[in-house]
Amino acid sequence: MSETFTKSMARNMFYGGATFFFLLFLALTFDTQGALPKRDHRENITPEVVRGKHLWETRNCIGCHTLLGEGAYFAPELGNVYPRRGPEFIKAWIKAQPTHTPGRRQMPQFNFTEEQLNDLVAFLKWTSEINTSNWPPNIEG
Amino acid sequence: MQYQSQAVAKPYFIAAIGLFVGQILFGLIMGLQYVIGDFLFPAIPFNVARMVHTNLLIVWLLFGFMGAAYYMVPEESETELFSPKLALLMFWIFLVAGALTIVGYLAVPYATLAAMTGNDLLPTMGREFLEQPLITKVGIVIVALAFLFNISMTLLKGRKTAISLVLLLGLWGLAVFFLFSFYNPSNLVLDKYYWWWVVHLWVEGVWELILGALLAFVLIKVTGVDREVIEKWLYVIIAMTLITGIIGTGHHYYWIGAPEYWQWFGSVFSALEPIPFFMMTVFAFNMVNRRRREHPNKAATLWALGTGVMSFLGAGVWGFLHTLAPVNFYTHGSQITAAHGHMAFYGAYVLVVLTIISYAMPILRGRAANPEKGQVMEMWSFWLMTVAMVFITLFLTAAGILQVWLQRATDTPLPFMAVQEKIALFYWLREFTGLVFLIGLVVYVLSFFAKGETKAA
Ligand code: HEM
Ligand code: HEM
Ligand SMILES: [Fe+2]
């Protein structure tokens, strides 16, 4: 690197650049916070949805599945499983696990109550209604 | 070793390598479950193996970073560590907490673990990479604070170099952004938005400061190039990191419900993120070419150059591959992501930790460098693991392209599971290559036991 560009100039570039872009990031975050209610439809987050998310987390569904494209890549995307399969299929599916099909990937049995299944479905339904800019590309996720 | 207290780094490095072995074994279990779906089911379901694999990765890298700091900061500050006793105490606390957490994952159902460990008080569990029970998370914060206190006090009483300052900034940033793991709103969109403040702002932000500092330290030692030159490079690299990487977080905000302007911010800034990685490569080669001495530790130089090249390939090239919004629309959450995740983590963070271990461990054992035979084994392990990782990445990329093609970029999409069956061949190839990686790792471990002539450090 050239001699006229000194170490202290490099240091200033670091502190200045980091500070500026961090502040810009905070400003964008502030704007995003304001825009989100229209896109996430938070008015529809019922107690069922809240409990459903809690079940989703404490059973670590994300360790096999993606949700809106984030998570593990071992099992189907579930962000749009509600429109893909519908509530009854989802509940029946979860109750019927594992399939025990030899050699096929397995999903555990979670022994949910009927109420818990309804909560999970409510959470998956709400999730499928988030405005994700048309992701995923098609119903298969 | 110039300062007695640097010796506390040794247990940290040993623990790091031990956990690395565990990480790879669980990786291979998952690799097999990808093709033989019921392998070890229900004893070790896939999600459990995955938690163990990724959490071990993070924990052993943290052990590596802490060991590196305990080794580097006394030497850079030209003073003994503030409290070696505290450092050893924290080592045992972190090791025991980590081990108990892994046992918890394996021994009890996750929901039971959550109930046992106070998750209902403050739900933080069940999110990717942040699966740790609340008490483990709190433990991590305590260990991190004690560690930062120890290191900061050392720096304050001694010489302040750019390298140790950057290292410390990175480590403080690591701890600060980890605090977002305690924020878990019931609104999934907000949850995801701030989840990335841990994950992205770690690997494409503050961790890169740590990476740069470690690399700069080892390069000064093995090449003897003037500190002024190296530190100037360091500042420019990390400046570019944060200038591109902070707003680059936007490449995770395309499809999770955030406003659409993130597609522009994320694409433009993250497309520039390869720049600092490219500079890192040029930096490493440049310094080695301008070396003023022939350091007897050839292996350390190889690891350092490898870090430069592989981090650029894994983070820079494979990151760029899927970072533009119109591409990411199709590749998001596919095997392409997994391919990139593997090579980036390996190329940047695994290799830089192995670089500092390769440089420091012989000195901690009282010699300037390992015996010839040990170094040859180390270099073999470098090539075995690195070539294996390149092929793992290529096979996953092939799987990912087919996956996108069959499931997403088509008018007649096939269901997820149907596609997985069609691309199973690539998962088999990944698994065999993973075995080669394991062989490389075994050779690496054995290299520590090689006997032969050595010079005193
Ligand atoms: C060598 C044999 C290895 C095998 C067979 C293996 C296998 C796997 C598998 C199957 C997954 C889960 C993918 C999914 O979610 O469906 C995974 C995830 C992961 N592994 Fe490995 N792995 C290996 C080595 C490594 C190494 C050396 C690293 C670190 C450099 C690593 C880092 C990761 C990371 C970061 C993830 C999470 C990826 C993501 O979420 O995109 N693995 N691994
Ligand atoms: C050493 C640095 C890096 C590491 C360790 C790393 C690691 C990872 C990991 C593990 C993931 C998967 C996260 C998940 O599970 O959801 C990921 C995602 C991603 N990374 Fe990186 N990365 C690095 C640098 C970069 C860079 C420089 C770029 C861009 C040029 C990039 C672009 C992306 C993108 C676009 C995704 C999202 C993939 C998706 O939509 O599924 N990464 N990265
Ligand atoms: Fe990122």
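Structure first, text after, so check above.
Conventions we followed
Residues numbered from 1 in each chain as written. Chains lettered and ligands numbered in written order. Predicted model: local features only at pLDDT ≥ 70, side-chain atom pairs only at ≥ 80, totals over all residues. Heavy atoms only, no water. Near = heavy atom within 4 Å. Polar contact = N/O pair within 3.5 Å; in protein donor to acceptor, adjacent residues only side chain to side chain. Helix = DSSP H or I, 4+ residues; strand = E, 2+ residues; numbered from the N terminus. Contact = heavy atoms within 4.5 Å. Buried area = accessible area lost by both parts, 1.4 Å probe. Salt bridge = Lys/Arg side-chain N within 4 Å of Asp/Glu carboxyl O. Nonpolar A, V, L, I, M, F, W, Y, C, P; charged D, E, K, R; others polar. Axes fitted to C-alpha atoms, helices over the stretch in contact; angles between N-to-C directions. Parallel < 35°, antiparallel > 145°, perpendicular 65-115°, else oblique. Left-handed = near helix turned anticlockwise from the far one by under 90°.

Section: the site of ligand 1
Y34, R50, H53, E128 and H342 of chain B are the nearest of the 28 residues found near ligand 1. Of the chains in the model, those with residues near ligand 1 are chains A and B. Taking Q23 of chain B, its side chain carries an N or O atom lying 3.5 Å from a nitrogen atom of ligand 1. H342 of chain B places a polar side-chain atom, nitrogen or oxygen, 2.8 Å from a nitrogen atom of ligand 1.

So, the side chain of T386 of chain B
With respect to the secondary-structure elements, T386 of chain B resides in helix α14 (residues 372–407). Here T386 of chain B is in contact with M310 and Y346 of chain B, once residues within four sequence places are set aside.

Re the interface of chain B and chain A
If you look at the interface, chain B gives 91 residues, while chain A gives 71 residues. Across the chain B/chain A interface, buried area totals approximately 6900 Å², and carbon plus sulfur atoms make up 65% of it. Here chain B and chain A share 6 salt bridges between them. Between R39 of chain A and E260 of chain B there is a salt bridge, with its nearest N and O atoms 3.6 Å apart. Taken together, chain B and chain A are joined by 37 residue pairs in polar contact (both at pLDDT 80 or more). The leading source of residues in the side of chain B that touches chain A is helix α8 (residues 227–248) of chain B, at 13 residues. Residue classes in the side of chain B that touches chain A are distributed as 56 nonpolar, 21 polar and 14 charged.

Overview of the packing of helix α1 (residues 9–35) of chain B against helix α3 (residues 84–107) of chain B
Residues and elements named next belong to chain B. Relative orientation of the contacting elements α1 and α3 amounts to 15 degrees, with a least axis distance of 11 Å. With respect to α3, the element α1 is oriented roughly parallel. Seen along the crossing, α1 lies across α3 with a hand that is left-handed. Within the contact between the two elements, α1 uses P11, Y12, A15 and F26 and α3 uses A87, L88, M90, F91, L95 and L106. Looking at the contact of α1 with α3, its residues break down into 10 nonpolar, no polar and no charged.

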